[in-house]
Amino acid sequence: MQVDAVLGYLDKVSRFDAQQFTPLFIGTERMGCVNAQWKERLLQHEPQLFEETFQGLKCKVKGSYRSISHALAHAARRWQQAGWLNGWRNENFTAFRQDGSPYFELERAAFRPLGLTSRAVHVNGLCRMEDGETRMWVGRRSPHKAVDPNRMDNLVGGGVAAGETLELALQRESWEEAGVARERVDGLKPSSLLLAQRPVARGLHREWLYAYDLWLAPGESPACQDGEVAEHLLLPFSEVEQLLVAERFMIDAALVSMDCLCRHGYWGRDNQKMADALARVRHELGREVGVPA
């Protein structure tokens, strides 16, 4: 076991200097964080929408869910036309208030520049072998993917689109990425809630990861339906750990896999050490959440 190496990797992908980011307020709600480059862009090119205050950066747009979404959608198009945004998906994510209520929606490519918090569902595919050993199904992303080709992933992992419930996202992603029928995940409850936070080229990646455990029977194999996964591998936990240490996983998938191995006691007498380290990314389940305080 390589618990110290895994702990080192966890530190690497979950700790960052928050002082490099300016808090973003929309109305009275603290909604995100903006890096220096984007702060300068927004203040210089979008003065009708953004201003600097003693609290940080403030977006002046007001009104209903629809009106705020409309105003920010037009702004995001301007950023795309200026060449500031890549990876445009024509898919919106929902931004939530602190109390968990929906506030507005925005093209997912614009979430990272503003440091807004998105949501994703991830599924650990688990299989109990005849000898009692628990193994994990791991996916290898297609070499043709624009983002993280050939990297390792959970059995299922994908963002929750605007207007979509966790349950619908879980059903959709499970079928598309693993060929798991809706009935298999109906009523499945998340085992963990993790918050992934790290600087990225586009800004700040902030995403709630709802992690589920799905048990597949021996001999039952996942089958990708949308071409995003090149193959699925059924691996002992020790090989999953090796992939973590080698940094072969996508980072969010790595966090979900670490959490799963820890919950299943993989690290034995060092398991509490791992649980203590994971405490900074683990959060309480039970209600929809906005940006943590």
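Residues numbered from 1 in each chain as written. Predicted model: local features only at pLDDT ≥ 70, side-chain atom pairs only at ≥ 80, totals over all residues. Heavy atoms only, no water.

**Observations concerning the overall build of the chain**
So, step 1. Helices and strands together make up the secondary structure of the chain, namely nine helices and 14 strands.
So, step 2. Relative to the globule expectation of 19 Å for 293 residues, the C-alpha radius of gyration of the chain, 20 Å, shows essentially globular dimensions.
So, step 3. For the chain, the C-alpha atoms occupy an extent of roughly 65 × 35 × 35 Å along the three principal directions.
So, step 4. When each of the 293 residues of the chain is scored for burial, the buried share is 50%.
So, step 5. Long-range pairs, those at least 24 residues apart, make up 66% of the contacts in the chain with a sequence separation of at least 6. (Helix = DSSP H or I, 4+ residues; strand = E, 2+ residues; numbered from the N terminus. Rg over C-alpha atoms; globule rule 2.2 N^0.38 Å. Buried < 20%, exposed > 50% of the residue type's maximum accessible area, 1.4 Å probe, protein only. Contact = heavy atoms within 4.5 Å.)

**Regarding the domain arrangement of the chain**
So, step 1. Along its sequence, the chain is carved into domain 1 (3-14 + 118-283) and domain 2 (22-112).
So, step 2. Facing 14 residues of domain 1, the contacting portion of domain 2 comprises 15 residues.
So, step 3. Contact between domain 1 and domain 2 buries roughly 1300 Å² in total, counting both sides, with carbon and sulfur atoms accounting for 49%.
So, step 4. At the boundary of domain 1 with domain 2, the tally comes to one salt bridge.
So, step 5. Where Glu207 meets Arg112, a salt bridge forms, and the shortest distance between an N and an O atom there is 3.2 Å. (Domains from an automatic or database assignment. Buried area = accessible area lost by both parts, 1.4 Å probe. Salt bridge = Lys/Arg side-chain N within 4 Å of Asp/Glu carboxyl O.)

**Observations regarding the packing of helix H1 (residues 3-14) against helix H7 (residues 237-245)**
To characterise two packed helices, one gives the angle between the axes of the helices and the distance between these axes.
So, step 1. For the pair H1 and H7, the least separation of the axes is 9 Å and the interaxial angle reads 45°. Between H1 and H7, the angle is such that the two are oblique. As H1 runs across H7, the sense of the crossing is left-handed. On H7, the residues touching Val3, Ala5, Val6 and Tyr9 of H1 are Glu241, Leu244 and Val245.
So, step 2. Grouping the constituent residues of the contact of H1 with H7 by class yields six nonpolar, no polar and one charged. (Axes fitted to C-alpha atoms, helices over the stretch in contact; angles between N-to-C directions. Parallel < 35°, antiparallel > 145°, perpendicular 65-115°, else oblique. Left-handed = near helix turned anticlockwise from the far one by under 90°. Nonpolar A, V, L, I, M, F, W, Y, C, P; charged D, E, K, R; others polar.)

**A few points about the side chain of His205**
So, step 1. Relative to the helices and strands, His205 resides in strand S12 (residues 203-215).
So, step 2. The exposure class of His205 is buried, given its relative accessible area of 9%.
So, step 3. With residues near it in sequence (within four places) discarded, His205 still touches Arg112, Ala196, Gln197, Arg198, Val200 and Asp252.

**Some remarks on the pattern of salt bridges**
So, step 1. What the rule picks out here adds up to 20 salt bridges.
So, step 2. Arg182 is the salt-bridge partner of Glu183, the closest N and O atoms lying 3.8 Å from each other.
So, step 3. When its relative accessible area of 55% is taken as the criterion, Glu183 is described as exposed.
So, step 4. Taking relative accessible area as the criterion, Arg182 reaches 47% and is therefore assigned partly exposed.

**Observations regarding the pairing of S12**
So, step 1. A large share of S12 lies buried, amounting to 12 of its 13 residues.
So, step 2. As paired strands, strand S7 (residues 118-128) and S12 are joined by nine bridges and run parallel to one another. Paired with Ala120 across the strands is Leu209, a residue of S12.
So, step 3. Here strand S11 (residues 192-200) runs beside S12; their pairing, made up of nine bridges, is antiparallel. Of the residues in S12, the one forming a bridge with Gln197 is Arg206.
So, step 4. The hairpin turn running from S11 into S12, its antiparallel successor, is two residues long. (Pairing = 2+ DSSP bridges.)

**Section: the sheet that holds strand S1 (residues 21-26)**
So, step 1. Taken together, four strands build an open sheet; the order of strands is S2-S1-S4-S3 and the sheet is mixed. Either end of the sheet is taken by a strand with one partner, and the two such strands are strand S2 (29-35) and strand S3 (50-52). The mean angle between the axes of side-by-side strands here comes to 30°, regardless of whether they run parallel or antiparallel.
So, step 2. Sheet strands in contact with helix H2 (residues 36-45) are S1, S2, S3 and strand S4 (57-59), and its direction is about 110° off that of S2.

**Examining the packing of H7 against helix H8 (residues 251-263)**
So, step 1. Contact geometry of H7 with H8 gives a least axis separation of 11 Å together with a crossing angle of 145°. Crossing angle aside, the handedness with which H7 passes H8 is left-handed. Taken together, the residues of H8 that come into contact with H7 (itself represented by Phe237, Val240, Glu241 and Leu244) are Ala254, Ser257, Met258 and Leu261.
So, step 2. Tallied by class, residues from the contact of H7 with H8 come to six nonpolar, one polar and one charged.

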